[in-house]
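# Breakdown of the fold
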Amino acid sequence: MKQKLLQPRTLLKLALWVVGLIVLLLLPGQLNNYQLTIVDSAIIYFIASLSYTVMLGMGGMMSMATVTFMGLGAFFTAQLAKNWGLPTPLAGLLAVLATAAIAYILSIMLVRLEGYYFVFGTIGLCNMMSTVFQNFKPLSNGADGINGIPKLNLFGFTFRNLSDWCLLLVVLAVILAIGVSRVRKSALGRSLMSIRDNPVTAQTLGVNVLRTKRIAFTIGAFLSATAGMLVAFHNGVVSASLFTFNVQQSLLMMVMLGGVNSTFGALGGAFLVQLMPEVLRPIQQYLRLVQGILLILLMIFMPMGIAGLLQSAWKKISKSIQKRKGGLNVGMQQNLENPGG
Amino acid sequence: MGMFLSLTGSGLAMGMIYAMLSVGLLLLIRAVGVTNYAQGDLLALGAYTAFFLMDRLDLSGLPMILLMILLFACFGAIFMFTCYYPLRKTKWKQSIMVCTIGAGMVIQEICMIVCGSMVKPMDPIIPGTLTIGTFVLQYQYIVVFLLSILVMVGVYLLFDKVYAGRAMQAAAQNSYAANLIGIPAILTTLGTYIIVMMISGFAGYLVAPIFLVRTTLNTLQSKAFASMVLGGFGSVPGAVLGGLLIGLIEAYSTYFTTVYKDVFVFGVLLLTLLIRPQGIFGEIQLKEKA
Amino acid sequence: MECNKTSKILAAEELTIAFGGLVATDHVSFEVAPGEILGLIGPNGAGKSTLLNLVSGIYQCDSGKVFLNGTDVTRLPAHTRARMGLGRTFQTPRFLQRSSIRDNLLLGTDLANQIGFFQSFWDKKGFDFEEEVQELMGYAGFSINWHSDINALPFGQRKRLEIVRSLLSHPKVLLVDEPAAGLNTKELEYVANLLQYATQKGIGVVLIEHQMDLVMNICHRIIVLNFGKLIAEGTPKEVSSNAAVIEAYLGRKKHAHN
């Protein structure tokens, strides 16, 4: 298969990634603690928003339960590391896997729902678990939350300060983003996209719609749970207020702002939304109002987010370049075949 | 025994509120094809509007009701022109959904800005409590129940008997054809939105004395959805029955636990989805013809 | 136009389905042999697409059976039937809207190879199906740029590409729904090419079509549906002179195409 490495689009993407990587790796040294908190949070939310990339961007399933699985990942991690005394990497891993398992079981019920019913089902789940997080002491210690979570200790290195965390987060984010990219190019990605575009046609192409959706849902939960686990270790404190429906709305905004189909876009969106409270500090009490208006305007004018805007601009540019070069092969052939069009 | 009846009473009243919300949801889905995330916020908007009129403008009685209805009509129109009109030709249905999420946030914030962020009490329409032995029920619950039924009957009559209602259904099924025979689809859509806002807003006005005026009234929306699922896919009587059932289940569960009643309700929702996803009155949807 | 009349690759027995009060398909039976092209014709609304939907499993029949290569698949869901070798195209081509041509074609080869999601994730090489695609595009009559957007192709090419995609999945049976609709004469020839290529590979083809040129030229046998019932069956010659068929619909068209 002739590889498409020389495609200008791929080259550009690669260049962007490399630049972004360099920036993110050099950054921790340059920023102060306060700024690092913002960057760290943005990256963690980016990891959570990757679940949207898989479920919504590829699969057309809009789940509003991302924070639920984040919460489960966070609380399980906290319990296992602090109260059960497990070594931190193991605690984190088990927490994420347990959450993914729970997600799979829930998905059996939820994926049977079509379109908006699925959305509402996940909202129900989100609300339900929000109540549980706020009240069920054995899991979340009620409204007080869990504090004093042990610091993450990986191969003997303890992650204490924020710049160390920043590096770790960047590495993790890159690995997971590459993973999601691989999914998009693999059979799972294609099957999901065919379900998104037309489930009936997907079936005739041999796609087991329910099973594929379940897998996508579980992967999404896995990503959210990982983000939750990172919150637990990074902040050292977790409480129910981090995983409410309002937070879910913020997450949605990050994804929509950046662009649901673009991994890079989700990162940009996460940063922008994290920066918003800073930028809008003078009108702080209107923050949510601005966010709401922003969301409405986004959907009307830029439904594919900033990334979408850039992508369509790029397409227009490359089309006009190609037109000047002398037409696409396809175009020429077409002219020979049917002069009438 | 009295306790049981009291819970039944309050359950039925809340059930009617859920029913009204879920019928509103259903109308928008069926007539316009839009999933409205802000349904609960519309209810809160109704409560705040009523509060504003009574508390800030010192109105009461008939003038208040009339002004409230007028405001609801305006809000309905604004809502439609913001969240539906610009997006009516979009290929991506979820963008309208997300837009309504934004709208919900905006509604919440504006309510708080105009009326202050403290939770507010509101006087019931008929104050006091009916007490017969161990049966205790606030009069407001009875008012809620009766008035809701009136509203529901009104909506049913509108859609079934009056021309305007039939026109709306026609436009919903085929807006192109409807346009050809002189039923402008945009007007019927506008009409639908206004009706939905009226129902939801009125429900907010009714429920405010019980729940107090605050923005977290929007959690009622999730229960409205549960009602819709329980009652059956796309069925109006189903939505009403589902609402009543959810109201009752919620009320009875408070006998065992106050804090986890939401969990109970959503547990029922998930169970329904597992055992009988089409709900009580629904039919298994025939898959799209290839 | 010889075909191998050994065991039937597809058989339908007394397929019946009713929607509400309307019986859309009324006890229809037919068979297709490997390498045979069976035409399915009838006036609009006769139930042709419904029949295809029943065979491919998109609708569950109320009664009757479907056999794929001798196996009873009546109770099996659509995707399982597809994996067993039942391919299908649609009247309007259905592709992944936001993907390249290559990704769309890969959907076909995914079905041929069925290696599973996990393996596919780690599979760096990808399938080497370029040769096969080139060969098929030769029959289809146009060339493509792998990486261009699917929407860049005109309608006629997309329709043919859908058949190519199905053929890439190495089906045993191919259900083709009005491939000629919207195509000009030259493009029609290419569609005929593709279908005849399929028969060379031993694929059984069921072809719904209104264009009588195509039907009469390439079908080995034809079945005729009207109001959900099978009203005639036989070779193109037999069917075109069948009184019931002429009465139902062929009449005027037959004279026009002589």
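Heads up: these notes are all about the structure in this document. Everything quoted here is computed from the prediction, not taken from an experiment.

Parameters and conventions
Along each chain, the written sequence defines residue order, and numbers are assigned to residues from 1. Written order decides the labels, with chains lettered from A and ligands numbered from 1. At least 70 in pLDDT is required for a residue's local features to be given in this predicted model, at least 80 for side-chain atom pairs to be given and counted, and no such filter applies to totals for whole chains, interfaces and linings, which use all residues. Here the side-chain values reflect all heavy atoms present in the structure, with hydrogen atoms and water set aside. Counting from the N terminus, the helices are the DSSP runs of H or I reaching at least four residues and the strands are the DSSP runs of E reaching at least two. Within these notes, the globule rule equals 2.2 Å times the number of residues to the 0.38 power, and the radius of gyration is based on C-alpha atoms. For the exposure calls, accessible area comes from a 1.4 Å probe over protein chains only, and a residue counts as buried if that area is under 20% of its type's maximum, exposed if over 50%, partly exposed in between. The method behind every accessible area is Shrake-Rupley, applied with a 1.4 Å probe, and residues are considered shielded solely by the protein chains displayed. Charged-residue counts in this description rest on Lys and Arg as positive and Asp and Glu as negative, His and the chain ends being excluded. The atoms used to mark charge sites are NZ of Lys, CZ of Arg, CG of Asp and CD of Glu. Contacts are residue-level and defined by heavy atoms, with any inter-residue pair within 4.5 Å sufficient. The length a helix should cover is 1.5 Å for every residue beyond the first. Here the buried area means the combined drop in accessible surface, using a 1.4 Å probe, for two parts upon being joined, counting both sides. When a carboxyl oxygen of Asp or Glu is within 4 Å of a side-chain nitrogen of Lys or Arg, the pair counts as a salt bridge. Whenever a nitrogen or oxygen atom comes within 3.5 Å of another N or O atom, the pair is scored as a polar contact, on the condition that within protein one atom can donate a hydrogen and the other can accept it, and that pairs from neighbouring residues in sequence are kept only if both atoms are in side chains. Just so you know the grouping, Ala, Val, Leu, Ile, Met, Phe, Trp, Tyr, Cys and Pro go in nonpolar, Asp, Glu, Lys and Arg go in charged, and all remaining residues, Gly too, go in polar. Pairing of aromatic rings covers Phe, Tyr and Trp, the last through its six-membered ring, and needs centres within 6.5 Å; plane angles under 30 degrees mean stacked, over 60 mean edge-to-face, and all others mean tilted. All axes here are fitted lines through C-alpha atoms, helices being fitted over the stretch that makes contact, and every angle between N-to-C directions spans 0 to 180 degrees. Angle categories are assigned with fixed cut-offs, so that under 35 degrees is roughly parallel, over 145 is roughly antiparallel, 65 to 115 is roughly perpendicular, and the rest are oblique. Throughout, a crossing is termed right-handed when the near helix is turned clockwise from the far one, and left-handed when it is turned anticlockwise from it by less than a right angle. Joining through side-chain atoms within 4.5 Å is the link that ties buried Ala, Val, Leu, Ile, Met, Phe, Trp, Tyr and Cys residues into a set, and such a set is a nonpolar core. If DSSP finds at least two bridges between two strands, the strands pair. Crossovers are described as right-handed under a simple rule: with the strands pointing away from the observer, the path leading from the first strand over the helix to the second runs clockwise.

This part is about the overall build of chain A. The number of helices and strands found in chain A is 15 helices and two strands. A globule of 341 residues ought to have a C-alpha radius of gyration of about 20 Å, and chain A, at 22 Å, matches this closely. Here chain A holds 341 residues, and the buried ones make up 54% of them. Summed over its atoms, the accessible surface of chain A is roughly 14,700 Å², and 67% of this surface lies on carbon and sulfur atoms. Each charge class in chain A can be summarised by its mean position, and for the 25 positive and 7 negative side chains these summaries are 8 Å apart.

Residue and element names in this part refer to chain A. Relative to the assigned elements, Lys213 resides in helix 10 (residues 209-235). Under the relative-accessibility criterion, Lys213 is labelled buried at 10%. Residues contacting Lys213, with those up to four places away along its chain left out, are Met61, Val111, Leu113 and Ile195.

Moving on, we come to helix 5 (residues 115-135) of chain A. Under the 1.5 Å per step criterion, the end-to-end length of helix 5 of chain A is 31 Å for 21 residues, consistent within 8% with the ideal 30 Å. Helix 5 of chain A sits mainly inside the fold: 17 of its 21 residues count as buried.

Moving on: unusual backbone geometry. Residues and elements named next belong to chain C. With a phi angle near 45°, Glu178 is a residue other than glycine that sits in the positive phi range. If you trace the backbone, Glu178 turns up in the loop between strand 7 (173-177) and helix 7 (185-200). With a relative accessible area of 11%, Glu178 lands in the buried category. A positive phi angle, close to 50°, is found at Phe227, a residue other than glycine. Judged by relative accessible area, Phe227 falls into the exposed class, the value being 67%.

What follows deals with the interface of chain A and chain B. Across the contact, 44 residues belong to chain A and 43 residues belong to chain B. In this assembly, chain A packs against chain B so that about 4,000 Å² is buried in total across both faces, 77% of it on carbon and sulfur atoms. Linking chain A to chain B there are one salt bridge. Where chain A packs against chain B, one counts one residue pair in polar contact (both at pLDDT 80 or more). The residue makeup of the side of chain A that touches chain B, split by class, is 30 nonpolar, twelve polar and two charged.

In this section: the packing of aromatic side chains. Enumeration over the complete set of coordinates arrives at twelve aromatic pairs over all chains. Ring geometry for Phe118 of chain A against Phe217 of chain A: centres 6.0 Å apart, planes inclined by 80°, an arrangement best described as edge-to-face. With Phe118 of chain A in helix 5 and Phe217 of chain A in helix 10, this residue pair connects regions lying 99 residues apart in the sequence. Residues Phe118 of chain A and Phe217 of chain A agree in their burial class; the two are buried. Their ring planes at 65° and their centres at 5.7 Å tell us that Phe79 of chain B and Tyr193 of chain B sit as a pair that is edge-to-face. With Phe79 of chain B in helix 3 (residues 61-83) and Tyr193 of chain B in helix 8 (residues 185-211), this pair connects stretches of sequence that are 114 residues apart. Each member of the aromatic cluster is reached from another via a ring pair, and the members are Phe69, Phe118 and Phe217 of chain A.

A word on the packing of helix 3 (residues 66-83) of chain A against helix 4 (residues 88-110) of chain A. Angle between the axes and distance between the axes: these two values describe a pair of packed helices. All names here are of chain A. At a minimum axis separation of 8 Å, helix 3 and helix 4 run at an interaxial angle of 140°. The pairing of helix 3 with helix 4 is recorded here as oblique in orientation. The chirality of how helix 3 crosses helix 4 is right-handed. When helix 3 is examined against helix 4, the residues Phe69, Leu72, Gly73, Phe76, Thr77, Leu80 and Ala81 are found in contact with a partner set consisting of Thr88, Ala91, Gly92, Leu94, Ala95, Ala98, Thr99, Ile102, Ala103 and Leu106. Among the residues making up the contact of helix 3 with helix 4, the classes are represented as twelve nonpolar, five polar and no charged.

Time to look at the nonpolar core. Among the nonpolar cores identified, the biggest contains 189 residues, and Phe46, Met62, Met64, Phe69, Val238 and Met256 of chain A together with Tyr37 of chain B are the most heavily contacted of them. Broken down by element, this core gets its largest block of residues, 15 residues, from helix 2 (residues 33-58) of chain A. Ignoring sequence-local partners within four residues, the contact set of Tyr37 of chain B consists of Met62, Met64, Val119, Ile123 and Phe245 of chain A together with Met97, Thr100, Ile101 and Gln221 of chain B. Ranked by size, the runner-up nonpolar core spans 45 residues in total, among them Leu161, Ala232, Val239 and Val245 of chain C.

Another point: the sheet that holds strand 6 (residues 86-88) of chain C. All names here are of chain C. The sheet built from six strands is open, its strands ordered 6-7-8-3-9-10 with mixed pairing. Each edge of the open sheet is held by one strand with a lone partner, namely strand 6 and strand 10 (229-234). Ignoring strand direction, the axes of neighbouring strands in this sheet form an average angle of 20°. Pairing geometry for strand 6 and strand 7, over three bridges, is parallel.

What follows concerns the pattern of salt bridges. Residue and element names in this part refer to chain C. Using the criterion set out here, one finds twelve salt bridges over all chains in the structure. With its nearest N and O atoms 3.9 Å apart, the salt bridge here joins Arg102 to Asp103. Salt bridges sharing partners connect three or more residues here, namely Glu36, Arg221 and Glu233.

Within the secondary structure, Val132 of chain A is located in helix 5. For the pair Val132 of chain A and Leu298 of chain A, spaced 166 residues apart in the sequence, the C-alpha separation amounts to 33 Å. Here Val132 of chain A is in contact with Ser140 of chain A together with Tyr260 and Val263 of chain B, once residues within four sequence places are set aside.

So, on to the sheet that holds strand 1 (residues 10-19) of chain C. Residue and element names in this part refer to chain C. In spatial order, the strands read 2-1-4-5; together these four strands make up an open sheet with antiparallel pairing. Looking along the sheet, the strands with just one partner apiece sit at the ends: strand 2 (22-32) and strand 5 (71-72). Bridge count between strand 1 and strand 4 (residues 63-68): five bridges; the pairing is antiparallel. Within the sheet, the bridge partner assigned to Leu10 lies in strand 4 and is Leu68.

It is worth spelling out the pairing of strand 7 of chain C at this point. Residues and elements named next belong to chain C. In terms of burial, strand 7 is largely enclosed, as five of its five residues are buried. Covered by surrounding structure in strand 7 are Val173, Leu175 and Asp177 together with Leu174 and Val176, the residues of both alternating faces. As judged from the five bridges shared by strand 7 and strand 8 (residues 204-208), these two strands associate in the parallel manner. Within strand 8, the residue paired with Asp177 across the bridge is Ile208. The handedness of the strand 7 to strand 8 crossover, carried by helix 7, is right-handed.

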